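Okay, here's what each chain looks like letter by letter:
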Amino acid sequence: MEDGIADSSVPVALIVGVTGMAGLSLAEALKKPTVLSSSATKFPWKVYGVARQPLPSWFPSSLLDQFISVDVLDQTQTFQKLTSISSQVTHVFWVALQIRETEEANVTVNSIMLANVLDVLISASPSRLRHITLQTGTKHYLGPIFDPQLANQLVHHEPPFEEHMPRLPYPNFYYALEDLVASYSPSITYSVHRSSIIIGASSRSFYNCLLTLCVYATICRHKGLPFRYPGSKYTWEHFCDMTDARVLAEQHIWAAVTDRAKNQAFNCTNGDVFTWKRLWKVLCEVFDVEFVDYDENERFDWVEVMKDKGKVWDEIVKKYELFKTKMEDITCFDATNKVMHFKLQHVCSMNKSRELGFLGFADTLKSIRMWVGRLRDMKIIP
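Keep in mind that this is a model prediction, so the values were computed, not measured.

Cut-off values and rules
Sequence order sets the numbering: in each chain, residues are counted from 1 along the sequence as written. A pLDDT threshold of at least 70 governs which residues receive local features in this predicted model, and a stricter bar of 80 or more applies before side-chain atom pairs are shown or counted, although totals over entire chains, interfaces and linings include all residues. As a rule here, side-chain values come from all non-hydrogen atoms in the structure, and water together with hydrogens is ignored. Throughout, exposure labels follow a simple rule: accessible area from a 1.4 Å probe, protein chains only, divided by the maximum for the residue type, with under 20% read as buried, over 50% as exposed, and the rest as partly exposed. Counting from the N terminus, the helices are the DSSP runs of H or I reaching at least four residues and the strands are the DSSP runs of E reaching at least two. By the criterion used throughout, a crossover qualifies as right-handed when its path from the first strand across the helix to the second strand runs clockwise, the strands pointing away from the viewer. Any two strands between which DSSP finds at least two bridges are classified as paired. Every angle, taken between N-to-C directions, lies between 0 and 180 degrees, and every axis is a line fitted to C-alpha atoms, over only the stretch in contact when it is a helix. The criterion used for residue contact is that any of the two residues' heavy atoms lie within 4.5 Å. The term salt bridge refers to a side-chain nitrogen of Lys or Arg lying within 4 Å of a carboxyl oxygen of Asp or Glu. For every residue, the predictor states its confidence as a pLDDT score lying anywhere from 0 to 100. Each angle gets one of four labels, with under 35 degrees taken as roughly parallel, over 145 as roughly antiparallel, 65 to 115 as roughly perpendicular, and the rest as oblique. Should the near helix be turned counterclockwise from the far one by less than a right angle, the crossing is left-handed, whereas a clockwise turn marks it as right-handed. Buried and open spaces are told apart on a 1 Å grid over the protein atoms alone, a cavity being a set of points where a 1.4 Å probe fits but cannot get out and a pocket being an open set with protein on both sides within 12 Å along at least five of seven lines. Residues with an atom within 4 Å of a point are the lining residues. Grid points are joined across faces, edges and corners, and a volume is the space filled by probe spheres set on the points. Each residue is assigned to one of three groups, with Ala, Val, Leu, Ile, Met, Phe, Trp, Tyr, Cys and Pro labelled nonpolar, Asp, Glu, Lys and Arg labelled charged, and all others, Gly among them, labelled polar. Multiplying one less than the number of residues by 1.5 Å gives the expected span of a helix. Two aromatic rings, drawn from Phe, Tyr or Trp (for Trp, its six-membered ring), form a pair once their centres lie within 6.5 Å of each other, and the interplanar angle then sorts them: stacked below 30 degrees, edge-to-face above 60, tilted otherwise. Counted as over-ring charges are cases with an Arg CZ or a Lys NZ within 6 Å of the ring centre that also lie within 35 degrees of the ring normal.

(A) Representation of the pairing of strand 4 (residues 91-94) in the model. Of the two faces of strand 4, the one lined by His-91 and Phe-93 and the one lined by Val-92 and Trp-94 are each fully buried. What joins strand 4 to strand 5 (residues 131-137) is helix 3 (residues 103-122), and the crossover it makes is right-handed.

(B) Region of interest: the sheet that holds strand 5. Spatial ordering of the open sheet is given by 3-2-1-4-5-6-10, a layout of seven strands whose pairing is parallel. The strands lining the two open edges of the sheet, one partner per strand, are strand 3 (66-69) and strand 10 (264-268). Within the sheet, the average angular offset between the axes of one strand and its neighbour, ignoring direction, is 20°. Where strand 5 lies against strand 6 (residues 189-195), seven bridges are found, and the strand directions are parallel. Along strand 6, the bridge assignment pairs Thr-136 with Arg-194. Its contacts with the sheet put helix 1 (residues 21-30) on strand 1 (12-16), strand 2 (46-51) and strand 4, and the angle it makes with strand 1 is roughly 165°.

(C) Fine view of the pattern of salt bridges. Summed over all chains, the structure comprises 15 salt bridges. The partner of Lys-233 in a salt bridge is Glu-296, and the shortest N-O contact between them spans 3.6 Å. You can see Lys-233 sitting in helix 7 (residues 233-237) and its partner Glu-296 sitting in the loop between helix 9 (276-287) and helix 10 (302-306), a full 63 residues away along the chain. For Lys-233, a relative accessible area of 35% gives the class partly exposed. Measuring nitrogen to oxygen at the nearest pair gives 3.8 Å for the salt bridge that ties Arg-299 to Glu-296. Using a relative accessible area of 65% as the deciding quantity, one classes Arg-299 as exposed. You can call Glu-296 partly exposed: its relative accessible area is 40%.

(D) Spotlight on the confidence of the model for the protein chain. The predicted model of the protein chain has a mean per-residue pLDDT of 95, with 96% of residues at 70 or higher. Here residues 1-6 is a poorly scored stretch, pLDDT under 50, and it has 12 contacts once near neighbours within four places are set aside; other chains count.

(E) Spotlight on the packing of helix 1 against helix 8 (residues 245-257). Two elements in contact, helix 1 and helix 8, have axes separated by 8 Å at closest approach and are oriented at 60°. It follows that helix 1 is oblique to helix 8 by the angle criterion. Between helix 1 and helix 8 lies a crossing whose hand is right-handed. Residue-level contacts link Met-21, Ala-22, Ser-25, Leu-26, Ala-29 and Leu-30 of helix 1 to Ala-245, Arg-246, Leu-248, Ala-249, His-252 and Ile-253 of helix 8.

(F) The arrangement of empty space enclosed by the protein in detail. Taken as a whole and judged by the stated rule, the model has one cavity of 30 Å³ or more. Estimated volume of the largest cavity: approximately 50 Å³. Around the largest cavity, the lining residues are Tyr-234, Thr-235, His-238, Phe-239, Cys-240, Trp-276, Val-339, Phe-342, Leu-344, Gln-345 and His-346. Only helix 7 and strand 8 (239-240) provide two or more residues apiece to the lining of the largest cavity. When its residues are assigned to classes, the lining of the largest cavity shows seven nonpolar, four polar and no charged.

(G) Spotlight on helix 3. In this model, helix 3 (20 residues) spans 28 Å end to end at C-alpha, consistent with the 28 Å of a helix rising 1.5 Å per residue. In terms of residue burial, helix 3 counts as a mostly covered element, since 14 of its 20 residues are buried.

(H) Quick look at the pairing of strand 6. Burial runs high along strand 6: seven of the seven residues are buried. Burial along strand 6 is two-sided: the residues Thr-189, Ser-191, His-193 and Ser-195 and Tyr-190, Val-192 and Arg-194 are all buried. As paired elements, strand 6 and strand 10 share five bridges and run parallel to each other. In the strand pairing of strand 10, Arg-194 is matched with Asn-267.

(I) Summary view of unusual backbone geometry. Omega for the peptide link from Pro-159 to Pro-160 comes to 0°, which places this bond in the cis form. With omega at 10°, the peptide bond leading from Ser-185 into Pro-186 counts as cis. In this model, Asn-263 sits at a positive phi of 60°, which is unusual for a non-glycine residue. Inspection of the secondary structure assignment puts Asn-263 in the loop between helix 8 and strand 10. Its identity as a non-glycine residue notwithstanding, Lys-379 has a phi of 65°, on the positive side. With respect to the element layout, Lys-379 can be found in the segment after helix 15 (364-377).

(J) Geometry of the environment of Lys-338. Positionally, Lys-338 belongs in helix 13 (residues 333-339). Among the residues examined, Lys-338 registers a relative accessible area of 32% and is labelled partly exposed. Sequence separation of Lys-338 and Phe-146 is 192 residues, and the distance between their C-alpha atoms is 8.1 Å. Beyond its immediate sequence surroundings of up to four residues, Lys-338 is in contact with Ile-145, Phe-146 and Ala-151.

(K) Structural detail: the packing of aromatic side chains. This model, assessed by the stated rule, comprises 20 aromatic pairs. Judged by centre distance (6.1 Å) and plane angle (50°), the ring pair of Trp-58 and Phe-59 falls under tilted. For the pair formed by Trp-58 and Phe-59, the shared burial category is buried. Taken together, a centroid distance of 4.8 Å and an interplanar angle of 65° make the contact between Phe-173 and Tyr-174 edge-to-face. Of the residues examined, Phe-173 reaches a relative accessible area of 2% and is grouped as buried. The class of Tyr-174 is buried, set by a relative accessible area of 12%. Here a set of aromatic residues connected by ring pairs shows up, and it is made of Tyr-216, Phe-227, Tyr-229, Trp-236, Phe-274, Trp-276, Trp-280, Phe-291, Tyr-294, Trp-302 and Phe-333. Positioned above the aromatic ring of Tyr-174, the side-chain terminus of Lys-139 is 5.0 Å from the ring centre. Of note, Arg-376 hangs over the ring of Phe-287, and the distance from its end group to the ring centre comes to 5.0 Å.

Laid out in structure tokens, this is it:
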């Protein structure tokens, strides 16, 4: 098949944000021999990947038929870089985001990015685009918790979170993106995927809770510091859920090729719950650090403590010959700190997905072990 000429039987995926946790797992899932296809006969997916920066060394280039480095916030650049494939793409998997200081700014920048990509694909002659999957999250039910101007005045929904719950009266770029993809219906179908805390492997994800904890544990071991839980007693003892990036990828693909899942929003979690106390014990085993039980009398501000540890991470990267990263670029201590101080049980219902036929699941504590192993294999952590 020549560039610009599409075999009508072959589904063609464009993963926008391919080097993030969800993007990597999507590329892996789409290239599996058993992957779902929209055709009665199973055809392999052709997979294009988009990211702002070049492919990192840890990303297997064999997963992509073509990688395109483009800043989709730039309309002209997006048109120039995507026009050559625009008449081939049948499915967009949107797992990209940019974060600004306020939620209003997030609405603007993320809406522009998505619109730029869809405009190129829809204006192609001919256009084969038929479905968009949109990655969002539980901020749909919580409000803009990372906006410093709004965070302390939010009123959230009561868990377990269910997809039919109404929108909250605050700006939210998830809402804006949902409205944008819905505006193309019925000519193009869509699905929305509201994940919990995503666990996966990447040095490129803006919110990477697991990698943040891995860096923290590694620094504690390297410096002989106690690996203390920095959250609240409430989250230490109460339930939370997570989303394995592999389960998330499976749900994206399932919704993309399943008629009854079209134009729907779905929560996506592993299907189980954990306490941070149990998860902390797993991390202690994986990183060979001593378990320290929660002590209300020894509270500390880990965001402040970790601010000056960038040079320590540089030492670790050099000592173990890791993929070169800066601590500030691969961690999200502020966001993870917010999660560890929730005053609610962060739990989502998966009933809607199950009722419509998606049965993907994962054991969260086993997932933690597996993904730490992947991060080690990728030489992102020692």
